[in-house]
Amino acid sequence: MARKPSFKCLKTHSGWKVEIPERLSSSGKRQRVFFPTRDEAKDFAASLKADNRENGAKATVIAPSL
């Protein structure tokens, strides 16, 4: 069974950062999304978790390069 993805909200000099793993991003590469506030970053991470829970748990993992 695949590991559950974790979306951590980290404070940086550029704002709050959420990292999207390469297996979940549309480009197939790791993505970093920055937000000015922690609440916006947490809301974005929660939406990614919900989307993964609804669609990702039942879907077969296929690499974006395919």
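Residues numbered from 1 in each chain as written. Predicted model: local features only at pLDDT ≥ 70, side-chain atom pairs only at ≥ 80, totals over all residues. Heavy atoms only, no water.

Assignment of secondary structure puts valine 33 in strand 3 (residues 31-35). By relative accessible area, which is 22% here, valine 33 ends up partly exposed. Expressed as a C-alpha distance, the spacing of valine 33 and valine 18, which sit 15 residues apart in the sequence, is 5.3 Å. (Helix = DSSP H or I, 4+ residues; strand = E, 2+ residues; numbered from the N terminus. Buried < 20%, exposed > 50% of the residue type's maximum accessible area, 1.4 Å probe, protein only.)

A sheet is described by the order of its strands in space; here three strands give the open sequence 1-2-3, paired in antiparallel fashion. The open sheet terminates on both sides in strands that have one partner only, identified here as strand 1 (9-12) and strand 3. Ignoring strand direction, the axes of neighbouring strands in this sheet form an average angle of 35°. Relative to strand 3, strand 2 (residues 15-20) runs antiparallel, the two sharing five bridges. Its bridge partner being in strand 3, tryptophan 16 is matched across the sheet by phenylalanine 35. (Pairing = 2+ DSSP bridges. Axes fitted to C-alpha atoms, helices over the stretch in contact; angles between N-to-C directions.)

This part takes up the environment of glycine 15. For glycine 15, the location among the structural elements is in strand 2. Since its relative accessible area comes to 14%, glycine 15 is described here as buried. The spatial distance from the C-alpha of glycine 15 to the C-alpha of phenylalanine 35 is 5.6 Å, given a sequence separation of 20 residues. Beyond its immediate sequence surroundings of up to four residues, glycine 15 is in contact with Leu10 and Phe35. (Contact = heavy atoms within 4.5 Å.)

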